[in-house]
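# Observations on chain architecture
This is what each chain is made of:
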Amino acid sequence: MAEWDYELFWNETLNQMREELGEDEFGRWFKLVGYLRATEQDITLGVPSGFYRDQVKTRYQTRIEAALKLVVGRDIALLFEVVSQSQRAAALPKASGMLRPDAAPPQSSAAERKPETQTPQPNLFSSDTAREVKAKKGRHLLLREDYTFDKYVIGDNNNFAANAAMAISRNPGVIYNPFLIYGGVGLGKTHLMQAIGNYVHHNSERKIIYITAESFMNEFIQAIRENRTSAFKNKYRFVDMLLIDDIHFLEGKLETQEELFHTFNALYDANKHIIFTCDRPASELKKVSERLRSRFERGLNVDLQPPNYETRYAILKAKTQDRKVAISDEVLALIAKNINTNVRDLEAALTKLSAYADLLGKPITLESARQQLKDVFAAPVKQISASISIETILHVVANYFSISLNDLKSNKRTQKIVQPRQITMYIAREITEFSTTEIGQQFGGRHYTTVMHAREKIENQCRSDPTLEATIQTIIGLIKGSAN
Ligand code: ADP
Ligand code: MG
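Let me sum up the structure you'll find in this document. (Residues numbered from 1 in each chain as written. Chains lettered and ligands numbered in written order. Predicted model: local features only at pLDDT ≥ 70, side-chain atom pairs only at ≥ 80, totals over all residues. Heavy atoms only, no water.)

## Focus on the overall build of the protein
Counted only if it meets this: In this description a helix means any DSSP run of H or I spanning at least four residues, a strand means any run of E spanning at least two, and both kinds are numbered starting from the N terminus. Burial classes follow relative accessibility: with a 1.4 Å probe on protein chains only, a residue under 20% of its type's maximum area counts as buried, one over 50% as exposed, and anything between as partly exposed. By definition in these notes, contact holds between two residues if any of their heavy atoms fall within 4.5 Å. In short, Shrake-Rupley with a 1.4 Å probe defines the accessible areas, and a residue's cover is counted only from the protein chains shown.
A tally of helices and strands in the protein yields 21 helices and eight strands. Looking at the protein as a whole, 50% of its 484 residues are labelled buried. Taking all contacts inside the protein whose residues are at least 6 apart in sequence as the whole, residues at least 24 apart take part in 72%. Here the protein displays about 22800 Å² of accessible surface, and carbon together with sulfur accounts for 49% of that area.

## Some words on the site of ligand 1
Just so we agree on the cut-off: One heavy atom within 4 Å of a molecule or strand makes the whole residue count as near it. Think of a polar contact as two N or O atoms within 3.5 Å of one another; within protein, one of them needs to be a possible hydrogen donor and the other a possible acceptor, and neighboring residues in sequence only count if both atoms come from side chains. Under the convention adopted here, Pro, Cys and the residues Ala, Val, Leu, Ile, Met, Phe, Trp and Tyr are nonpolar, Asp, Glu, Lys and Arg are charged, and Gly plus all remaining residues are polar. Source of the domain bounds: an automatic or database domain assignment.
If you check the shell around ligand 1, you find 17 residues, and the closest are Gly186, Lys189, Thr190, His191 and Arg344. At 3.3 Å, a backbone N or O of Leu187 approaches an oxygen atom of ligand 1. A distance of 2.7 Å separates an oxygen atom of ligand 1 from a polar side-chain atom of His191. Put simply, the parts of the chain that give the shell around ligand 1 at least two residues each are α6 (189-203) and α13 (343-360). A per-class count over the shell around ligand 1 returns six nonpolar, six polar and five charged. Split by domain, the residues of the shell around ligand 1 number at least three in each of domain 2 (149-304) and domain 3 (309-361).

## A closer look at the pairing of strand β2 (residues 42-47)
To be explicit about the condition: Note: two strands are recorded as paired if DSSP finds a minimum of 2 bridges between them.
With six of its six residues buried, β2 lies for the most part within the structure. Side chains Asp42, Thr44 and Gly46 project from β2 onto one buried face, and the interleaved Ile43, Leu45 and Val47 project onto a second face that is buried too. Alignment of strand β1 (residues 34-38) against β2, held across four bridges, turns out to be antiparallel. Within the sheet, the bridge partner assigned to Gly34 lies in β2 and is Gly46. Between β1 and the antiparallel strand that follows it, β2, lie three residues. Summarising the sheet, β2 and strand β3 (residues 77-82) pair through six bridges and their orientation is parallel. Paired with Asp42 across the bridge in β3 is Ala77.

## Observations concerning the packing of helix α7 (residues 213-225) against helix α9 (residues 254-269)
The line we're drawing: Simply put, an axis is a line fit to the C-alpha atoms, just over the touching stretch for a helix, and the angle between two N-to-C directions goes from 0 to 180 degrees. We call two directions roughly parallel when the angle between them is under 35 degrees, roughly antiparallel when it is over 145, roughly perpendicular when it lies between 65 and 115, and oblique otherwise.
α9 packs onto α7 with a crossing angle of 100 degrees between their chain directions and a minimal axis gap of 10 Å. In terms of their interaxial angle, α7 and α9 are classed as roughly perpendicular. Contact residues: Phe216, Met217, Phe220 and Ile224 in α7; Glu255, Thr256, Glu259, Leu260 and Thr263 in α9. For the contact of α7 with α9, the per-class residue count stands at five nonpolar, two polar and two charged.

## Considering unusual backbone geometry
Residues Asn177 and Pro178 are joined by a peptide bond in cis, for which omega reads -5 degrees. When you line up the elements, Pro178 lands in the loop between α5 (159-170) and β4 (179-182). In this model, Lys324 sits at a positive phi of 55 degrees, which is unusual for a non-glycine residue. By the secondary structure assignment, Lys324 is in the loop between α11 (309-323) and α12 (329-338). According to the relative accessible area criterion, Lys324 is exposed, its value standing at 73%.

## Observations regarding the pattern of salt bridges
The criterion, for reference: For salt bridges, the criterion is a side-chain nitrogen of Lys or Arg within 4 Å of an Asp or Glu carboxyl oxygen.
With the rule as written, the count across this model stands at 20 salt bridges. One salt bridge in this structure joins Glu259 and Lys233, with 2.9 Å as the shortest N-O distance. One end of the pair, Glu259, is in helix α9; the other, Lys233, is in helix α8 (residues 229-237), with 26 residues separating them in the sequence. By relative accessible area, which is 4% here, Glu259 ends up buried. Ionic contacts of the salt-bridge type, sharing partners, join the residues Lys233, Arg237 and Glu259 into one network.

What follows is the structure, encoded as structure tokens:
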């Protein structure tokens, strides 16, 4: 019978047993069990004595087999072999850190020995970039503890997204699946996504993995290289909730997209929740297969907008209370007024000021705050980047002319709508790298020649009408202000 490498599965099974039994009991019975070898149908474990073997068998065999089945996806039989300590030590897993040979207690005293306290360790399914699932009760190893709902300030800009996220937390796998949060950098996508993870982690036994799209890809490539793609597949297909951050990274990464597509299907079919974040609407992803894009768009897609003044102020207030830094309300107002890009920039300003206050040993005045932050405040409007979405442009134009987004995208030919629509197309062509075809698609699948025509038309009009030119510049300014 050919040898199979089931060691990864065995280690995952150990993690589950450990969770189930607690450190004490687990330490008493599993410390001295070593993985020896496997065939397709069975795994052979090394134990120190016949007595030990019988005890483990009667106490745990059924439970271990059940856990193994969950991990592997089918029945695997357990066989035991009495082996010497050195054989077992050699067989103990090398990479997990959990059962290193040097950490194993002496054989004779195993049964009575109190297990040392273990620090949480990533299990063997993980690589450096992606540790999965809690190794013990308490915090989730992959989630930032402070990314919770109660630290998430809700304003007009994120109200809908935050409420959907809270609803999902209470009913994972049931509503809004998949859930995609999109928006510019620093607007709270990762925080919101992890808040769902943290909530579900603390309120259920669900197995959650958080990973960035980039790490997902790296791990996948490594699995291919090391010939263990089935372990990789298993890792991602038996979770209850999968959080994948920054999927725009997958543009052009076709093999990883393919893998994610299958992962998605497996989880979706099993009613497991899948959550994505992206820096733009899924419809604007380039070089993403049509079938994966349609999966992203299934379920619920919500956007995060930059916070308005009130929300910026509320966020600053919450952060100062949280960090226990003494910064006066008028200084907070000054920051909120002057930094309108995103929450990350607000935090950076706070950090800078509180460091300064610490250094001085006295509170910050309006004047010193202005002085400290003058570079930040004076920062020129950010260069137009490729990441401006057509959606952002549409929003800004619709707002500016007080018409609805739907009308703007529609086929309506009234003059009130036609010119703003042409302006939108013109601006999209001027300040983004989207092609006329891509822009046309955002307007109900219009032909690219329509976009070209719109652009020419606006260009001509601008020549004879300087106020139109000025209007367009104003709108571009607004777009720059709301994109990041
Ligand atoms: P993104 O993933 O969209 O780039 P993050 O989730 O990393 O943004 O958020 C950037 C920082 O701003 C984080 O420290 C996060 O905690 C904070 N943050 C974002 N939105 C909010 C909010 N609504 N309330 C409180 N903090 C926020
Ligand atoms: Mg993020």
